[in-house]
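Structural characterization, general
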Amino acid sequence: MNVIIVDYKSGNISSVINSFKEVAKDKVKIHVTSDLKKIKSSDKVVLPGQGSFKSCTDALNSINGLVETLNEFAINNKKPLLGICVGLQMFADVGYEETETKGLGWISGKVSKIDNKNGKYKLPHIGWNQIEIVKESKIFKNIENNSHMYFVHSYEFIPNDKNLISSTTDYSSKIICSVEKENIFGTQFHPEKSDKIGLQLIENFINL
Amino acid sequence: MLKNRIIPCLDVKNGRVVKGINFVDLKDAGDPVEQAKIYSDGGADEICFLDITASNENRDTIYEVVKKTSKKCFVPLTVGGGVRSIEDIYKLLHCGADKVSINTAAVQNSKVVIDSSKKFGSQCIVVAIDAKRNGKNWEIFTHGGRNGTGIDAIEYAKKIEECGAGELLVTSMDRDGTQVGYDIDLMFKISSTVNIPVIASGGVGNLNHLVEGIKLGKASAVLAASIFHYGKHSIKEAKEYLDLKGIPVRI
């Protein structure tokens, strides 16, 4: 099996690479690339993302044919795809970080700034927080409810269809921290930085 | 609920740990990779390396350390010390650091914070502030605490937040190495001035100091070096103690 981590120059993806390689060992091949042919022929795709919504979508769009290839992979062929952090946020129709920016439109909804209740809560929301699993998911296999995950973000993805939310976390309000729509998975938290439980989630994705 | 973080810090010089955990079963007490792994296995919420390599020719040693550590530790890794430019930041992130802490360079030229937070995202830009009490105020020091700048620490904290820093690592120069506890007034002042998380540093001598940093200093995270070295306290003990005192921690 081949898993592609999409390298579209969206900031630091070393930790994502390291964690997938740690879990994959020799059983699964992990490739880091933006090569369209390789993405097309792969079994699973990971879409990381760091920085702002705008910088990530700009970077994605700057690689000729990449968005079309990802569309074909995830929407037409319905192969498993995992978005992490801004990688998840880009599933949305639109994001409001820096300026209004169009997303991939895979899951209708928007990405907006977390309400910090007039400065009562610090942003970014940085650190370990517990996730409340609100929908059974294959990627939460062997992960207990209320497990700790590592977060670092100021924006959240709010899908129109609330049934697509698979977990939330408590901060200034209940923040949506993972979504799932058929073959498309996304986590706002960073499984690659969430110690053994995060690695378990990565293993679950690889084993889908 | 968001948990308060405990961050052990390791001083690394020429690729070796200067002060560290002195466990009998350590194969190589000077190996930063092995020590970081012990901390992360013990429940550290993040790991911090401070590179105190003085000579330029040995600077590259830290990159090897970061590369190896990031393949073994799956919690966030912050690296600071001698970070001057966008290129330095890029190299550290590329080797597997999750955050980079900038000190002197940020004071000398705040553009490095503006540019790097735009390029890499605020989430990986930590600005380290070394402050010394001066009457009712605090003054920023640079170059590992050697040079005064005349800059007010609270004003600076506000300014550097606007430049795009994602977190502030605040060290009291008066308390650093004394083991008498954090400068709580300083932590509280900065923490209530800015809207980004503050990591308290400098002066921890016992577990109750960690509690004070969070409860009184309003820090989001507490960094300590020596209490975790030489096996005085484990991360687990620290977390259990904080939990006992009603502070939310990841256990």
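Quantities reported herein were computed from a predicted structural model and do not represent experimental measurements.

Cut-offs and rules
Residues numbered from 1 in each chain as written. Chains lettered and ligands numbered in written order. Predicted model: local features only at pLDDT ≥ 70, side-chain atom pairs only at ≥ 80, totals over all residues. Heavy atoms only, no water. Helix = DSSP H or I, 4+ residues; strand = E, 2+ residues; numbered from the N terminus. Rg over C-alpha atoms; globule rule 2.2 N^0.38 Å. Buried < 20%, exposed > 50% of the residue type's maximum accessible area, 1.4 Å probe, protein only. Contact = heavy atoms within 4.5 Å. Lys, Arg positive; Asp, Glu negative; His and termini not counted. Charge placed at Lys NZ, Arg CZ, Asp CG, Glu CD. Arc of directions from axis to C-beta. Phe/Tyr/Trp six-rings, centres within 6.5 Å; stacked < 30°, edge-to-face > 60°. 1 Å grid on protein atoms, 1.4 Å probe; cavity = no way out; pocket = protein on both sides within 12 Å on 5 of 7 lines; lining within 4 Å. Points joined across faces, edges and corners; volume = space filled by probe spheres on them. Nonpolar A, V, L, I, M, F, W, Y, C, P; charged D, E, K, R; others polar.

Things to note about the overall build of chain B
Counting its secondary structure elements, chain B contains 9 helices and 11 strands. Taken against the 2.2 N^0.38 rule, which gives 18 Å for 251 residues, the C-alpha radius of gyration of chain B at 17 Å falls within 12% of a compact globule. Its C-alpha atoms put chain B at 45 × 45 × 35 Å along the principal axes. Relative to its 251 residues, chain B shows a buried fraction of 57%. The contacts in chain B between residues at least 6 apart in sequence include a share of 63% that link residues at least 24 apart. Averaged over its 33 positive side-chain charges, chain B has a centre that lies 1 Å from the centre of its 31 negative ones.

Brief notes about helix α3 (residues 53-61) of chain A
All names here are of chain A. The complete set of buried residues in α3 reads F53, C56, T57, A59 and L60. Take α3 and look down its axis: the buried residues cluster within an arc of 160 degrees, on one side only. For α3, the elements touching its buried residues are β3 (44-47), α4 (66-76), α5 (86-89), β5 (94-95), β6 (101-102) and β7 (109-113).

Points about the packing of aromatic side chains
All names here are of chain A. One pass over the structure, following the stated rule, counts 6 aromatic pairs over all chains. Aromatic side chains F91 and W106 sit 5.5 Å apart centroid to centroid with 35 degrees between the ring planes, which places their arrangement in the tilted category. Here F91 is found in the loop between α5 and β5, whereas its partner W106 is found in the loop between β6 and β7, with 15 residues between them in sequence. Relative accessible area serves as the criterion here: at 0%, F91 is assigned to the buried category.

A look at empty space enclosed by the protein
For the structure on display, the rule yields 3 cavities of 30 Å³ or more. By volume, the largest cavity amounts to about 110 Å³. Taken together, 13 residues make up the lining of the largest cavity; nearest its centre are Q50, Y150, V152 and K193 of chain A together with D98 of chain B. Elements represented by at least two residues in the lining of the largest cavity include exactly α1 (14-24) and β9 (148-153) of chain A. What the second largest cavity holds in volume is close to 60 Å³. Forming the walls of the second largest cavity are I7, E46, C48, T78, K99, S101, V126, E167, L169, I199 and L223 of chain B. The residue inventory of the lining of the second largest cavity, partitioned by class, reads 6 nonpolar, 2 polar and 3 charged.

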